[in-house]
Amino acid sequence: MNRKLLFLLFFLVTFLVKSQNLVWTTDMTEAIAMSNEKRKPMLIFFTAPGAAENLQNEVFKSPEFEKWSRNNVILVKLDLSDSSSNEIKEQNSKLRTAFNVVDLPQVCFASATIRKGKTMFDTHGKLSYIPGGARAWIAESEAILNPQ
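The structure presented is a predicted model; accordingly, all values stated were derived computationally and were not measured.

Over its 13 residues, helix α6 (residues 133–145) extends 19 Å from the first C-alpha to the last, a length consistent with the 18 Å expected when each residue adds 1.5 Å. Those residues of α6 not exposed but buried are Gly 133, Ala 134, Trp 137, Ile 138, Ser 141, Ile 144 and Leu 145. The buried residues of α6 occupy an angular sector of 120° when projected down its axis, which confines them to one face.

Next comes the structure, spelled out in structure tokens:
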């Protein structure tokens, strides 16, 4: 009995740890390179302290989102209050303006190319929190990324 319980507990813990293995990059240059190399659009998550956390808690922390994101997008997280350096803070602010992000948190789907030192973004669409959990949010994301 104890053995079965331990095995079940081990399985559940392993599953829960695996569902938290999202890799978010905060470096836009690195994200663009990965996006172009893997031929996947970027999911750029604009956030700041005090922003509602339901998008992160109900969508980004779900196993469905982890599986979907691994196969479909490059994850980029831009914290608009990031004070690690003035350069990063300025970059994130410029990107917020470029993508016309008003409300936080907000997700922008985009691809980009760098030519002659200039970055050109192709915006696919924006998405905020949608009630209904990860499946509803992923369905809306799919509609943006794969329009009919």
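The next subject is the packing of helix α4 (residues 63–72) against α6. Contact geometry for α4 and α6: axes closest at 10 Å, N-to-C directions at 20°. By the angle between their axes, α4 is roughly parallel relative to α6. Crossing handedness for the pair α4 and α6: left-handed. Facing Glu 64, Phe 65, Trp 68 and Asn 72 of α4, the residues of α6 in contact are Ala 134, Arg 135, Trp 137, Ile 138, Ser 141, Glu 142 and Leu 145. When its residues are assigned to classes, the contact of α4 with α6 shows six nonpolar, two polar and three charged.

Aromatic ring pairs are described here by two measures, namely the spacing of the ring centres and the angle between the planes. Scanning the model with the defined rule gives eleven aromatic pairs in all. For the pair Phe 65 and Trp 137, a centre-to-centre distance of 5.9 Å together with 70° between the ring planes defines the contact as edge-to-face. In this pair, Phe 65 is assigned in helix α4 and Trp 137 in helix α6, connecting sequence segments 72 residues apart. A single burial state applies to Phe 65 and to Trp 137, both of which are buried. Plain terms: the ring middles of Phe 99 and Phe 121 are 5.1 Å apart, the flat faces sit at 65° to each other, and that makes the pair edge-to-face. With Phe 99 in the loop between α5 (86–98) and β3 (106–115) and Phe 121 in strand β4 (residues 118–127), this pair connects stretches of sequence that are 22 residues apart. Residue Phe 99 is classed as buried on the basis of its relative accessible area of 5%. An aromatic cluster is defined as three or more aromatic residues linked by ring pairs; in this entry it consists of Trp 24, Phe 45, Phe 60, Phe 65, Trp 68, Phe 109 and Trp 137.

For the rest of this paragraph, the subject is the layout of surface pockets. Within this model, the largest pocket holds a volume of roughly 280 Å³. In terms of lining, the largest pocket is formed by 14 residues, of which the most central are Val 23, Ser 69, Arg 70, Val 73 and Leu 75. For the lining of the largest pocket, the secondary-structure elements that each account for two or more residues are α2 (28–38), α4 and β2 (74–79). Among the residues forming the lining of the largest pocket, the class breakdown is six nonpolar, three polar and five charged.

Definitions and limits used
- Counting restarts for each chain, with residues numbered from 1 along the sequence as it is written.
- Predicted model: local features are reported for residues with pLDDT of at least 70 only, side-chain atom pairs are reported and counted for 80 or more only, and whole-chain, interface and lining totals are derived from all residues.
- Only hydrogens and water are removed before side-chain values are computed, so all heavy atoms of the structure are retained for them.
- Numbering of helices and strands runs from the N terminus; a helix is a DSSP stretch of H or I covering at least four residues, while a strand is a stretch of E covering at least two.
- One less than the number of residues in a helix, times 1.5 Å, gives the span that helix is expected to have.
- For the exposure calls, accessible area comes from a 1.4 Å probe over protein chains only, and a residue counts as buried if that area is under 20% of its type's maximum, exposed if over 50%, partly exposed in between.
- The arc under discussion is defined with respect to the helix axis, by the directions toward the C-beta atoms.
- Axis angles are defined between N-to-C directions and span 0 to 180 degrees, where every axis is a line fitted to C-alpha atoms and, for a helix, only to the segment in contact.
- In what follows, roughly perpendicular refers to angles from 65 to 115 degrees, roughly parallel to angles under 35, roughly antiparallel to angles over 145, and oblique to any angle outside these ranges.
- Note on convention: the crossing is left-handed when the near helix lies turned anticlockwise from the far helix by less than a right angle, right-handed when the turn is clockwise.
- By definition, residues are in contact when any of their heavy atoms lie within 4.5 Å.
- Asp, Glu, Lys and Arg are counted as charged, while Ala, Val, Leu, Ile, Met, Phe, Trp, Tyr, Cys and Pro are counted as nonpolar; the rest, among them Gly, fall into the polar class.
- Two rings belonging to Phe, Tyr or Trp (six-membered ring only in the last case) form a pair when the distance between their centres is within 6.5 Å. Interplanar angles under 30 degrees mark stacking, angles over 60 mark edge-to-face geometry, and anything in between is tilted.
- A cavity, in this analysis, means grid points on a 1 Å lattice covering only the protein atoms where a 1.4 Å probe fits yet has no way out; a pocket is instead an open set bounded by protein on both sides within 12 Å along at least five of seven lines, and a residue lines either one if it has an atom within 4 Å of a point.
- Grid points are joined across faces, edges and corners, and a volume is the space filled by probe spheres set on the points.

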